[in-house]
Amino acid sequence: MKMGEEVLRIENLHVSVEGVEILKGLTLTIHKGEIHAIMGRNGAGKSTLANVIMGHPAYEITQGSIHYMSKPLDELEVFERARAGMFLSFQYPAVIPGVQVGTFLKKSTQSVRQVELSARDFRKELKDAMGMLNMDSSFLSRYVNDGFSGGEKKRLEILQMLLLQPKLALLDETDSGLDIDALKIVAQGINMVAPLAGCLIITHYQRLLDHVKPDYVHAMIDGRIVESGGPELAVKLEEQGYEWLEQHQ
Amino acid sequence: MSEQARDAVGDYRYGFHDPEHATIRFDKGLSEQVVRDISALKNEPEWMTEVRVKAYHHFNERPMPKWGNCSELNNIKFDDVTYFLRSSKQTEKNWDDVPEDIKNTFNRLGIPEAEQKWLGGVTAQYESEAVYHSIREDLEAQGVIFLDMDSGLKQYPDIVKTYFGTVVPYSDNKFAALNTAVWSGGSFIYVPKGVHVEMPVQAYFRINAKNMGQFERTLIIADEGSSIHYVEGCTAPTYSTDSLHSAVVELIAMKGAKIRYSTVQNWSSNVYNLVTKRGVAYENSTIEWVDGNIGSKLTMKYPSVLLRGEGAHAEVISVAYAGEGQHQDAGAKVHHLAPNTTSNILSKSISKNGGRSSYRGMLQVTPKASGCRSKIVCDALLLDEHSRSDTYPTMEVGNSTADLEHEASVSKISGDQLFYLMSRGFSEKEAMGLIVNGFFEPFTRELPMEYAVELNKLLELEMEGSIG
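Residues numbered from 1 in each chain as written. Chains lettered and ligands numbered in written order. Predicted model: local features only at pLDDT ≥ 70, side-chain atom pairs only at ≥ 80, totals over all residues.

Is there a simple way to explain helix α1 (residues 46-54) of chain A in this structure?
Residues separated by three or four positions in an α-helix point in the same direction, a consequence of the helix having 3.6 residues per turn. All names here are of chain A. Summarising burial for α1: 8 of the 9 residues are buried, a large majority. Within α1, burial applies to Lys46, Thr48, Leu49, Ala50, Asn51, Val52, Ile53 and Met54. Directly after α1, the chain includes glycine 55, whose backbone phi takes a positive value near 100°. (Buried ≥ 20, exposed ≤ 12 C-beta atoms within 10 Å, placed from the backbone. Helix = DSSP H or I, 4+ residues; strand = E, 2+ residues; numbered from the N terminus.)

What is the right way to look at the interface of chain B and chain A in this model?
Much of the literature gives interface size as the accessible area that the parts lose upon coming together. The partner chain A presents 18 residues to the 18 residues of chain B that form the contact. For the side of chain B that touches chain A, the secondary structure elements donating two or more residues are α11 (415-422) and α12 (428-444) of chain B. Broken down by element, the side of chain B that touches chain A gets its largest block of residues, 8 residues, from α12(B). In the side of chain B that touches chain A, the residues fall into 8 nonpolar, 6 polar and 4 charged. (Contact = placed C-beta atoms within 7 Å. Nonpolar A, V, L, I, M, F, W, Y, C, P; charged D, E, K, R; others polar.)

For this particular structure, what's the right way to read the nonpolar core?
The nonpolar side chains of a soluble globular protein tend to be buried with one another. Counting 209 residues, the largest nonpolar core has Leu170(A), Ala253(B) and Ala281(B) as the members making the most contacts within it. Each of domain 1 (9-301) and domain 2 (423-468) of chain B gives at least three residues to this core. (Core = buried A, V, L, I, M, F, W, Y, C linked by C-beta atoms within 7 Å. Domains from an automatic or database assignment.)

Looking at this structure, I do not really get unusual backbone geometry. What am I missing?
For residues other than glycine, phi is negative in most cases, and the peptide bonds are mostly trans. Residue and element names in this part refer to chain A. The phi dihedral of glutamine 114 falls on the positive side, at around 55°, and the residue is not glycine. By the element assignment, glutamine 114 lies in the loop between α3 (101-113) and α4 (119-132). Although it is not a glycine, aspartate 222 adopts a positive phi angle of roughly 50°. Along the chain, aspartate 222 turns up in the loop between β11 (216-221) and β12 (224-229). Given 16 C-beta atoms within 10 Å, aspartate 222 falls into the partly exposed group.

Help me understand the sheet that holds strand β20 (residues 342-351) of chain B, please; the structure alone is not making it clear to me.
Either a parallel or an antiparallel arrangement is found when strands of a sheet pair, and the pairing is made through backbone hydrogen bonds. Residue and element names in this part refer to chain B. Taking strand neighbours across the sheet as the criterion, the 10 strands line up as β4-β3-β7-β10-β13-β15-β18-β20-β22-β24 in an open arrangement whose pairing is mixed. Strands with a single pairing partner mark the edges of an open sheet, and in this sheet they are β4 (129-135) and β24 (403-412). Between one strand and the next, the sheet's axes are offset by a mean angle of 10°, whatever the strand orientation. Pairing of strand β7 (residues 201-206) with strand β10 (residues 227-235) involves 6 bridges; the strand directions are parallel. Looking across to β10, one finds that tyrosine 204 is bridged to glycine 233. Along the sheet, α12 contacts β15 (286-293), β18 (313-322), β20 and β22 (373-382); its crossing angle with β20, the most-contacted strand, is approximately 160°. (Pairing = 2+ DSSP bridges. Axes fitted to C-alpha atoms, helices over the stretch in contact; angles between N-to-C directions.)

Read these as layout, nothing more, since geometry by itself doesn't imply function.
As structure tokens, then:
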């Protein structure tokens with residue numbers, strides 16, 4: 001496989017939250033067109049990794065570095081990271097009462113692309129994307145994530161990802177709480193974005209990986225990647241759990 | 001503009017002012033003679049002069065309200081206020097006849113444009129009197145009367161005499177007395193039986209002069225089975241000395257009628273805005289107050305409805321935005337005086353940069369008013385640690401069949417919301433603007449679209465100053 005340009009390079013990353021170290025020396029490089037899956041149990045630091053890459057202010061990098069498109073990330077604010085092409089699909093997307101999905105999507109697409117979009121062009125783009133994700137137009141007049149089911153929230157995340165066309169897509173447990181139909185739709189969305197982006201999929205389960213084929217699978221324990229491999233590693237982790245890895249520690 | 005001046009003006013977009021344009025300006029201060037002179041200048045019938053004089057004496061004797069912001073009220077220097085200022089010889093029907101600078105002011109405020117696009121009629125008041133007034137011919141042909149209040153009194157003295165002061169008597173409170181004594185301008189509307197005015201009619205109130213007092217008086221009567229939507233907007237220049245705006249609005253909804261009264265007051269932050277708004281709703285009628293308070297130094301305003309006829313309904317949706325140096329003391333009062341009457345009150349407030357917003361509400365159910373329902377929801381959003389929000393609800397329930405609900409909440413913008421929005425490309429201030437607009441959405445969706453868009457823009461501008 002021909003390697004695409006480097007999108008993300010994490011070296012020896014140590015991260016603390018309120019003085020407690022969560023990531024303890026994590027190293028990972030993602031190139032354009034690669035899909036990486038990180039698996040691990042609750043508390044392994046998977047969501048911390050996603051949040052710290054996106055720039056969450058509660059996380060402090062105490063050692064190591066993150067480079068995005070070969071530039072150090074620590075100088076960029078969260079919104080600048082978004083405008084530079086980074087996207088995080090949230091495990092628990094925030095509710096924004098009173099803000100309609102349609103308005104939100106247009107404003108956010110405009111913010112990220114830094115262009116004014118004509119109502120007409122945007123409507124067409126939106127309609128196509130929603131069609132692919134099998135979303136009804138009634139979504140657009142609802143308030144952002146307000147009263148949404150788990151599946152609806154995840155589909156809205158994927159819709160945003162399609163519209164924002166990221167260069168780096170971070171998907172934090174986007175598969176959790178989805179039925180099989182929704183899971184397939186989410187997978188379809190990821191597969192559409194993947195060829196042009198670096199993808200980092202954080203998951204507990206192997207089942208999303210039946211529909212999105214990862215190039216690399218990483219097992220994470222206690223703030224570090226302890227084992228990397230191909231798709232077969234995901235199967236093994238699903239079947240055997242993580243104990244066999246802990247013994248190596 | 002010097003740095004200092006810009007600091008004072010801030011983001012207030014309407015803070016410009018024109019050279020003063022007085023054809024008649026009264027000396028500062030108030031006396032019985034001033035009251036009589038205003039009445040004489042307007043050639044009013046004697047009964048009106050007498051009402052004014054009685055109200056003036058009541059104003060003198062009546063103590064300041066004991067609630068709201070007493071210390072701030074006591075700062076009002078009544079002797080420094082100009083009580084009457086005529087800036088145009090007459091009310092024109094064509095914008096081209098309005099004096100040039102005044103016309104330009106209203107152009108900048110977008111009034112003529114709005115009139116062409118979506119309004120059924122417009123009154124533009126500048127200082128004490130209307131300078132422009134117009135109503136669509138089709139409405140006039142249906143018998144709809146829409147005039148400035150001075151013309152209303154001249155042309156329909158009997159209707160005015162029948163209803164003036166019946167909903168808000170001068171003895172109601174100190175500022176109602178002041179308004180009755182020196183009122184000038186405002187709107188007079190009568191909608192005949194069964195006529196539905198489909199397009200909103202608008203009044204716009206502009207204070208231009210320094211230390212000005214504006215005391216408009218509005219009376220709207222919707223006859224049986226009719227309906228009307230009245231919209232009002234208000235702005236003033238930013239001066240270092242204070243102006244006083246003290247209006248009285250009286251609404252009368254006859255059997256089966258519907259009145260909606262929408263306000264977005266965006267006074268500059270040197271204006272005391274002390275307004276009495278009340279409506280009487282007869283059998284199966286509806287009165288809706290949609291009341292937005294964005295500007296002013298101190299606002300004290302509690303739109304009220306007296307539900308006097310069986311099955312009548314009141315709706316009060318209000319928002320208040322209190323920034324630095326501002327106190328919005330707003331709320332709603334609903335009196336259930338007849339059986340099976342219903343009311344909904346929704347109040348939303350935002351406080352920022354040390355601003356203070358208070359909800360002050362009164363809900364009354366009298367013993368004979370059985371089967372009433374009322375729902376009150378008050379939500380406050382605090383944008384920082386040094387801002388303040390208070391709730392002062394009062395309930396007097398004299399009938400045990402009443403079904404009442406009251407919910408109140410105080411919230412802050414959460415870090416999760418900000419992070420989520422910023423991860424979608426919004427800067428921190430854009431994210432806050434979005435959250436604030438969303439918070440006010442239940443209010444803005446009730447406004448005509450053009451107003452809603454304008455208000456959202458305004459709030460986004462206000463957010464720019466909120467990040468350190």
